[in-house]
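The chain contents come next:
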Amino acid sequence: MPIHNFIALLTFFLLTSATIAQTSLKLPETIKVDPAALTAEPMCDPKISPAWREAQEIDGVKIDASPGCSPDNPAWIAAAVKGTNNISMDTLMKTGLSPDAIIKTDDLDGDGDPDRIIIKLEIMELNGKSPDFPGLVPTFDIAPGIQPGAWVFAPKTSGMSTENFESVRANPLLRLPSPVIRVEVGDIVQIVLENTHYFPHSIHLHGVDHPFSHGEHGGQDGVPQTSEMELMPGERRIYQFQARQPGTMFYHCHVQTHTHLAMGLAGMIVIEENKPNNWLQTLNIGAGHVRHPSVAVREQFDQEYDLHYHAMDKELSGIIQKHNDPRLIARDMNQRYDITDSTEDYFTLNGLSFPYTLRESLIIVEPDQKIKLRLLNSGGELIAVHTHGHHATITHYDGVEHNPVAQIMRDVFDMAPAQRLDLKLETVNDGKHSYGEGDWLFHDHREKGITTNGMAEGGSMSSIVYTSYLGEHGMPKVSHFGIDLNKYFTKEYFERRLPVWQDLDAWSSLGSPAGQAGFDTTTQTSLLNALYGLLAGLLIYLIFAKREQIKQCAVAAVSRLKSPKGSNQ
């Protein structure tokens with residue numbers, strides 16, 4: 001092909017590319033994601049009976065109403081108060097608990113309540129790799145489609161780790177966080193840890209008044225380097241104590257703490273004041289609303305809530321989703337995982353992230369109430385919990401009462417890792433305690449704390465909701481403000497496939513820009529740049545390959561220019 005033909009062809013390519021580039025500068029049209037195409041789920045879990053919200057009495061146990069969307073199974077509460085050894089068979093069968101999960105006997109001080117308490121805990125895995133099929137089992141979603149690998153202390157159960165033979169969803173008793181334990185000052189308490197897991201573990205009673213050693217196995221502080229050997233798979237150990245001081249405390253595994261605690265082996269433990277006829281709700285599964293408060297709490301408060309904040313690193317939680325071999329998991333956790341390079345990606349309140357926190361962790365109040373809040377931070381970083389519309393009073397730090405004269409009111413509560421706070425929340429509308437009725441957000445004011453794997457809105461946010469702002473099914477009434485929460489109850493939202501602001505106006509001015517052939521505009525620009533580079537390379541190649549011809553043409557052209565007019569005729 002003559003050189004001028006190559007040059008003409010190359011010029012055509014360049015002009016065409018320039019035309020394409022000009023065309024690409026036009027703004028693409030907006031594509032609106034059709035809500036009907038989303039995998040939406042009900043705001044309230046349909047497996048939970050609305051009757052559970054009502055005040056009721058089971059086997060002589062009075063259970064407060066809990067009008068939120070997903071209240072606890074009332075049979076659990078009856079079993080936790082009376083003990084699994086003191087309830088009817090019908091109630092026990094409704095719990096899924098083992099008959100020896102909570103044993104209560106012996107009124108040793110003659111004040112009308114049991115003083116010898118035995119609590120049996122197992123160690124269970126959530127969202128781990130299945131050995132039988134591609135997938136996770138048993139599954140526990142902290143938000144729609146979000147399933148981090150986790151371990152929990154769980155009350156001893158009588159059934160399977162899944163709901164049934166046809167489901168991979170976790171038994172409701174197996175969940176984040178590990179359950180809140182409640183006992184009374186002076187109770188002789190035995191926590192029996194049955195290691196049903198494939199790793200060694202222990203329990204450390206953080207802040208709880210307990211002896212360093214116990215006759216059955218020597219040390220019982222839970223620390224392999226100082227007090228005891230690790231509890232191996234298949235073994236059991238008894239941690240016994242008789243607390244002398246009340247307060248909000250903490251229990252957690254102290255084996256390879258940098259990973260085991262972060263994986264979820266941590267819970268709140270509350271030591272209540274000793275009062276007559278003080279039948280306690282010994283386990284609060286999933287934390288949240290305490291539907292059978294202690295005598296001491298009822299004397300001073302209208303309600304009580306347990307609020308357990310936790311955070312997880314997806315790199316760590318993902319290890320158990322890659323391997324079934326405990327040796328490989330141990331290698332990756334103990335030798336390869338570096339906590340100093342870690343980041344926290346999942347932020348939970350009572351084991352869940354927004355929007356699921358609206359199901360279980362609303363603080364539901366009425367005007368002129370006093371509410372006791374117990375907070376625990378079991379994450380690895382400081383948090384800053386902010387209450388909209390309210391100032392609360394800090395009454396206790398780490399289980400120890402603060403001098404009443406020096407107690408302060410705040411609307412931001414800083415909590416270091418492992419720290420506990422007791423708060424008094426008052427809903428009197430005086431502009432200081434409360435600004436009035438509403439649906440008032442409370443959240444971690446570190447902005448990443450309101451994200452789930454970096455996606456907002458998510459994280460540990462929830463609300464203080466007055467009953468006048470609570471809907472029929474236990475969700476906040478927000479639709480009359482034009483707010484639609486349904487988009488948050490889709491996995492596509494947390495997969496970043498749903499434009500956050502697409503529905504703010506009728507024409508979706510902030511929707512998703514249409515791509516071409518499945519590519520976005522950034523990809524188009526990259527392809528055009530690659531095309532320009534290819535054409536430039538082709539030009540250089542042609543110049544090099546045809547250099548002699550180009551040279552001859554150039555020499556001939558110069559000669560023509562220098563020759564006298566008409567000399568060629």
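Our structure is the block above this text.
Values in this document were obtained by computation on a predicted structure and should not be read as measured data.

The secondary structure content of the chain amounts to 11 helices and 31 strands. The C-alpha atoms of the chain give a radius of gyration of 32 Å, which is well past the 25 Å a tight globule of 569 residues would have. Its C-alpha atoms give the chain principal-axis dimensions of about 135 × 55 × 50 Å. A buried classification covers 50% of the 569 residues belonging to the chain. Put simply, 71% of the contacts in the chain that link residues at least 6 apart link residues at least 24 apart. On the chain, roughly 26,400 Å² of surface is accessible, and the fraction owed to carbon and sulfur atoms is 56%. Across the chain, the 47 positively charged side chains and the 70 negatively charged ones have centroids separated by 11 Å.

Nonpolar side chains in soluble globular proteins tend to be buried together. L307, I363 and L373 are the most contacted members of the largest nonpolar core, which totals 58 residues. With four residues, the single largest contributor to this core is strand 19 (residues 303-312). Each residue touching I363, except ones within four places of it in the same chain, is listed here: Y305, L307, L373, L425, F442, S463, I464 and V465. In terms of nonpolar packing, the next biggest core, distinct from the first, is built from 46 residues, L205, L231, Y251 and I329 among them.

Let us now look at the sheet that holds strand 29 (residues 439-444). Reading across the sheet, the five strands line up as 21-30-29-23-27 and stay open at both edges, with mixed pairing between neighbours. The strands lining the two open edges of the sheet, one partner per strand, are strand 21 (363-365) and strand 27 (412-415). Averaged over all pairs of adjacent strands, the angle between their axes in this sheet comes to 15°, without regard to strand direction.

Turning our eyes to something else, we now look at the packing of aromatic side chains. For any pair of aromatic rings, the description consists of the separation of the ring centres together with the inter-plane angle of the planes. Counted under the stated rule, the structure contains nine aromatic pairs. Residues F354 and Y488 carry aromatic rings whose centres are separated by 5.2 Å and whose planes lie at 70° to one another, so their mutual orientation is edge-to-face. Of the two residues, F354 sits in the loop between strand 20 (346-349) and helix 8 (357-360) while Y488 sits in the loop between strand 30 (462-466) and helix 9 (491-494), which places them 134 residues apart along the sequence. Judged by its relative accessible area of 6%, F354 is buried. Taking the centre distance of 6.4 Å and the plane angle of 40° together, the rings of Y356 and F489 count as tilted. Of this pair, Y356 sits in the loop between strand 20 and helix 8 while F489 sits in the loop between strand 30 and helix 9, and the two are 133 residues apart along the sequence. Neither residue differs from the other here; Y356 and F489 are each classed as buried. Joined through ring pairs, the aromatic side chains of F354, Y488, Y493 and F494 make up one cluster.

Our next topic: unusual backbone geometry. Residue P138 follows V137 across a cis peptide bond; omega there is -15°. Position of P138 among the secondary structure elements: in the loop between strand 7 (136-137) and strand 8 (150-155). At the junction of A456 and E457, the peptide bond is cis and its omega measures out at 5° in the coordinates. Although it is not a glycine, D368 adopts a positive phi angle of roughly 65°. Looking at the element boundaries, D368 is found in the loop between strand 21 and strand 22 (370-377). For D368, a relative accessible area of 58% corresponds to the exposed category.

Our focus in this paragraph is the pattern of salt bridges. Pairing is possible between side chains that carry opposite charge, provided their charged atoms lie close to one another. Here the structure, examined in full by the defined rule, presents 31 salt bridges. With a closest N to O distance of 3.3 Å, D503 and K32 form a salt bridge. One end of the pair, D503, is in the loop between helix 9 and strand 31 (512-513); the other, K32, is in the loop between strand 1 (30-31) and strand 2 (56-58), and 471 residues separate them in sequence. Judged by its relative accessible area of 43%, K32 is partly exposed. Through salt bridges with shared partners, a single network forms among R182, E272, E304, D306, K372, R374 and D422.

Turning our attention to the environment of L261. Its location among the elements puts L261 in the loop between helix 4 (257-260) and strand 16 (266-272). On the accessibility criterion, L261 (13% relative accessible area) is buried.

Residues spaced three or four apart along an α-helix point in a common direction, a consequence of the helix completing one turn every 3.6 residues. For helix 2 (residues 74-82), the tally of buried residues reaches nine of nine residues, placing the bulk of the element in the interior. Three or more residues of helix 2 are buried, namely P74, A75, W76, I77, A78, A79, A80, V81 and K82. Where the residues of helix 2 are buried, they touch strand 2, strand 3 (61-63), helix 3 (89-95), strand 4 (102-105) and strand 17 (283-284). Capping the start of helix 2 is the job of one residue whose side-chain oxygen sits 2.9 Å from the backbone nitrogen of A75: N73. G83 occupies a position one or two residues after helix 2 and carries a positive phi of about 100°.

Bringing the side chain of S167 into the picture now. Considering the arrangement of structural elements, one finds S167 in the loop between strand 8 and strand 9 (180-184). Polar contacts involving the side chain of S167 include one to the side chain of E163, which spans 3.1 Å. Side-chain polar atoms of S167 contact the backbone nitrogen of R169, separated by 2.9 Å.

Together, V500, W501, L504 and L510 line one region of the surface with nonpolar side chains, adding up to about 420 Å² of accessible area. Within the element layout of this structure, L510 appears in the loop between helix 9 and strand 31.

For the rest of this paragraph, the subject is the sheet that holds strand 17. Spatially, five strands are ordered 11-15-16-9-17 in an open sheet, and the strand pairing comes out mixed. In this open sheet, the two strands that pair with only one neighbour each are strand 11 (204-206) and strand 17. Here strand 9 pairs with strand 16 via four bridges, running parallel. Considered in strand 16, the bridge of V183 is made with I271.

Next up on the list: the pairing of strand 22. The buried fraction of strand 22 amounts to seven of the eight residues, a majority that puts the element mostly inside the structure. By the bridge criterion, seven bridges tie strand 19 to strand 22 in an arrangement that is parallel. Following the sheet pairing, H308 is matched in strand 22 by L376. Across seven bridges, strand 22 lies against strand 28 (residues 420-426) in antiparallel orientation. Across the sheet, residue L375 finds its bridge partner in strand 28, namely L421.

Looking at where Q369 falls in the secondary structure, it is placed in the loop between strand 21 and strand 22. Its relative accessible area of 14% is what places Q369 among the buried residues. Here Q303 takes part through its side chain, which lies 3.1 Å from a polar atom of the side chain of Q369. A distance of 3.1 Å separates the side chain of Q369 from the backbone nitrogen of E366, its partner in a polar contact.

Rules used throughout
- Residues numbered from 1 in each chain as written.
- Predicted model: local features only at pLDDT ≥ 70, side-chain atom pairs only at ≥ 80, totals over all residues.
- Heavy atoms only, no water.
- Helix = DSSP H or I, 4+ residues; strand = E, 2+ residues; numbered from the N terminus.
- Rg over C-alpha atoms; globule rule 2.2 N^0.38 Å.
- Buried < 20%, exposed > 50% of the residue type's maximum accessible area, 1.4 Å probe, protein only.
- Contact = heavy atoms within 4.5 Å.
- Areas by Shrake-Rupley, 256 points an atom, 1.4 Å probe, with all protein chains shown as cover.
- Lys, Arg positive; Asp, Glu negative; His and termini not counted.
- Charge placed at Lys NZ, Arg CZ, Asp CG, Glu CD.
- Core = buried A, V, L, I, M, F, W, Y, C linked by side-chain atoms within 4.5 Å.
- Pairing = 2+ DSSP bridges.
- Axes fitted to C-alpha atoms, helices over the stretch in contact; angles between N-to-C directions.
- Phe/Tyr/Trp six-rings, centres within 6.5 Å; stacked < 30°, edge-to-face > 60°.
- Salt bridge = Lys/Arg side-chain N within 4 Å of Asp/Glu carboxyl O.
- Polar contact = N/O pair within 3.5 Å; in protein donor to acceptor, adjacent residues only side chain to side chain.
- Patch = residues over 30% accessible without salt bridge, like charges linked within 9 Å, V, L, I, M, F, W, Y side chains within 5 Å.

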